[in-house]
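Listed here are the chains, written in short residue letters.
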Amino acid sequence: MKKLIYLDHAATTATRPEVIEAMLPYFSESYGNASSVYDFASKSKNAIQHTRKIIGDALGVPEQDIYFTAGGSEADNWAIKSTAEAYRSKGNHIITSKIEHHAVLHTCQYLEKKGYEVTYLDVDEDGLIKPEDLEAAIRPDTILVTIMFANNEIGTIEPIKELGAIAHKHGVLFHTDAVQAFGQIPINADEMNIDMLSASGHKLNGPKGIGFLYIRKGLKIGPFIHGGAQERRRRAGTENVPAIVGLGKAVEIAIETMEERTAKEKELRDYLIDRIMKEIPYTRVNGSRTKRLPANVNFSFQFIEGESLLIMLDMEGICASSGSACTSGSLDPSHVLLAIGLPHEIAHGSLRLTLGEENTKEDIDFVIEQLKRIVSRLRDMSPLYEDFVKKHR
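Keep in mind the model is a prediction, meaning the values are calculated, not measured.

1. A short note on the environment of Ile66
Here is step 1 of the chain: Here Ile66 shows up in strand E2 (residues 66-69).
Here is step 2 of the chain: Judged by relative accessible area, which is 0%, Ile66 ranks as buried.
Here is step 3 of the chain: Taking the C-alpha atoms as reference points, Ile66 and Ile55, 11 residues apart in sequence, are found 7.4 Å from one another.
Here is step 4 of the chain: Among residues more than four places away in sequence, those in contact with Ile66 are Arg52, Ile55, Gly56, Leu59, Val61, Phe212, Leu213, Tyr214, Glu231 and Arg232.

Quick look at the structure:
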C-alpha cells in the first residue's frame, strides 16, 4: 500500500488527537445545554466562554465580541448580509475583490439581485489589491468593504491593515475572510482596522462544522439565524458545545506552535518552489513569493491539464488540488487565476500544494520526482507541446 502524502491542508486538516480528547466529555458526560439555568449545564456554558476567551486573546479583542457559527461560509454570509440590511439607510454599495472565496462572491451576487451595488476590485499579477484602487472605489453610499486576509488558492496575503485604514477613513465598515490566515499568521484585529473577521475550525486541525465571526462592539449587526437567545441574541440555535471546545483547543495549539510550525512550513515551501522552478521548465509560481502564506504553493504547468495531473498524483498516494475548478464539475478555470491575468490554457494546468506540520522533506522530494515524471508524460501526450518544441528547436 502506498504511503499517503497529504498536501491539501487548505481544503481541510486532520483533527488533532488533543482536540478530540478535549471534545469527548461534552458528548456523553458534560452534555448539558449551555442555555439551561441548572448547575449541570454550567460546565458547558463555562467551556464555551473559555473558547471565546482563547479566540479573543488570539485576535487581541474582547471575548464577548466572538460569536460562534457553523463555519467560515456562515460567518461570511452573516457579516455581509446583515451589514447590508443594517446599514441600508446609509447606502447600498459594497466593495470586494475578484479573487474572494465563493462564500463572499456568491453572497455579493445574491445582494446584487436584491438591489445592492457591488464593486469587484482588480488585483495585480500576484493577487494583491492596490490600496489606491480601494480608495478610488469608495463612494458616499459605500457601507462595507470585504477583502480576504489571504487567498485560499494562491496564498497571497493582502495589505489588510492599510485597506482597513482606508475604509475607516471614509467611515466604512471593514470585514475580512481570514479562514486561511487565522492560526497561520499573527492577526490583531484592532491594530489591523478590522471590524468583522470570519474563521473556521477545520483549517487549523479543529473539527468541521464550527467557526466564528468577530463583530466589533457597537456595530449594528443583527442576527443571521433567528430563534432563541443564544450568542447574546445574535445567533439562535443550541450551541454545539463539543465542536466549540474543539475549536478552542485547536486555536490554543495553533497560536502556541505558530512560530516554530510556520518556520518549518516556509522552509519546505521554498524548497519545493525552488526545485520545481529549476527542474520543470515552462512552469510559473502563482501568487506573491514574499507576501505569501507559509504553507501555500501554487504552480501552473504549461501544456498540461490540471485534472489529469491530479488523477496521476492520486495514483501515487499524493493528495493535492488544482487551480482549475474542473474537479468540482466545472469546465471553467479558477476565477482567481484568471483575475491575476493567466490565460485559460495555462490556468487549466495549475496545481495547489498546501503543507502541514506532518509533511517532511522526504515527502517533498518524493512529490517533486513524481511531478517531474507526470508532467513530462502529460506533455509528451500534448499536441500543443509537440508543436511548441518543433517551433523552438
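2. Focus: the pattern of salt bridges
Here is step 1 of the chain: All chains considered together, the criterion is met by 22 salt bridges.
Here is step 2 of the chain: The partner of Glu279 in a salt bridge is Arg275, and the shortest N-O contact between them spans 2.7 Å. You can see Glu279 and its partner Arg275 sitting in helix H9 (residues 241-279), 4 residues apart, about one turn around the helix.
Here is step 3 of the chain: Classification of Glu279 by relative accessible area gives partly exposed; the value is 30%.
Here is step 4 of the chain: Given the relative accessible area of 16%, Arg275 is considered buried.
Here is step 5 of the chain: A salt bridge links Glu279 to Lys372; its shortest N-O distance comes to 2.8 Å. A residue pair is termed long-range when its members are at least 10 positions apart, and Glu279 in helix H9 and Lys372 in helix H13 (residues 361-380) qualify at 93 residues.

3. Thoughts on the pairing of strand E3 (residues 93-97)
Here is step 1 of the chain: The buried fraction of E3 amounts to 5 of the 5 residues, a majority that puts the element mostly inside the structure.
Here is step 2 of the chain: Two strands pair when backbone bridges link them, and E3 and strand E4 (residues 117-121) are joined in this way by 5 bridges, in the parallel orientation. Among the inter-strand pairings, Thr96 is bridged to a residue of E4, identified as Tyr120.
Here is step 3 of the chain: Taking the sense of rotation as the criterion, the β-α-β connection linking E3, helix H5 (residues 102-113) and E4 turns out right-handed.
Here is step 4 of the chain: Of the pairings in the sheet, the one linking E3 to strand E5 (residues 142-146) comprises 3 bridges and is parallel in character. Along E5, the bridge assignment pairs Ile94 with Leu144.

4. Thoughts on the side chain of Thr51
Here is step 1 of the chain: Looking at the secondary structure, you find Thr51 in helix H3 (residues 42-59).
Here is step 2 of the chain: Classification of Thr51 as buried rests on a relative accessible area of 2%.
Here is step 3 of the chain: Apart from residues lying up to four places away in sequence, Thr51 is in contact with Phe68, Ile244, Val245, Leu247 and Gly248.

5. So, the packing of aromatic side chains
Here is step 1 of the chain: Inspection of every chain in the model, using the stated rule, returns 9 aromatic pairs.
Here is step 2 of the chain: Both rings, one in Phe182 and one in Phe212, keep their centres 5.2 Å apart while their planes meet at 80°; by these two values the pair is edge-to-face. Remark: Phe212 occurs in strand E8 (residues 211-215) and Phe182 occurs in the loop between strand E6 (173-177) and strand E7 (196-200); sequence separation between them is 30 residues. The same class applies to Phe182 and to Phe212, which are both buried.
Here is step 3 of the chain: Ring geometry for Phe303 versus Phe388: centroids 4.9 Å apart, planes at 45°, classification tilted. With a gap of 85 residues between them, Phe303 in the loop between strand E10 (296-301) and helix H10 (306-315) and Phe388 in helix H14 (residues 383-391) connect regions that are remote in the sequence.

6. Re the sheet that holds E5
Strands in a sheet are paired, the pairing made by backbone hydrogen bonds, and the direction either parallel or antiparallel.
Here is step 1 of the chain: Spatial strand order, E2-E8-E7-E6-E5-E3-E4: 7 strands in an open sheet with mixed pairing. Of all the strands in the sheet, just E2 and E4 have a single pairing partner and so form its edges. Put simply, the sheet's adjacent strands are angled 20° from each other on average, direction ignored.
Here is step 2 of the chain: Relative to E7, E6 runs parallel, the two being bridged by 3 bridges. Among the inter-strand pairings, His175 is bridged to a residue of E7, identified as Met196.
Here is step 3 of the chain: On top of the sheet, helix H4 (residues 72-86) reaches E2, E3, E5, E6, E7 and E8; it is set at about 160° to E7, its chief contact.
Here is step 4 of the chain: Along the sheet face, H5 touches E3, E4, E5 and E6 and points at about 145° away from the line of E4.

Procedures and definitions
Residues numbered from 1 in each chain as written. Predicted model: local features only at pLDDT ≥ 70, side-chain atom pairs only at ≥ 80, totals over all residues. Heavy atoms only, no water. Helix = DSSP H or I, 4+ residues; strand = E, 2+ residues; numbered from the N terminus. Buried < 20%, exposed > 50% of the residue type's maximum accessible area, 1.4 Å probe, protein only. Contact = heavy atoms within 4.5 Å. Salt bridge = Lys/Arg side-chain N within 4 Å of Asp/Glu carboxyl O. Pairing = 2+ DSSP bridges. Right-handed = clockwise from strand over helix to strand, strands pointing away. Phe/Tyr/Trp six-rings, centres within 6.5 Å; stacked < 30°, edge-to-face > 60°. Axes fitted to C-alpha atoms, helices over the stretch in contact; angles between N-to-C directions.

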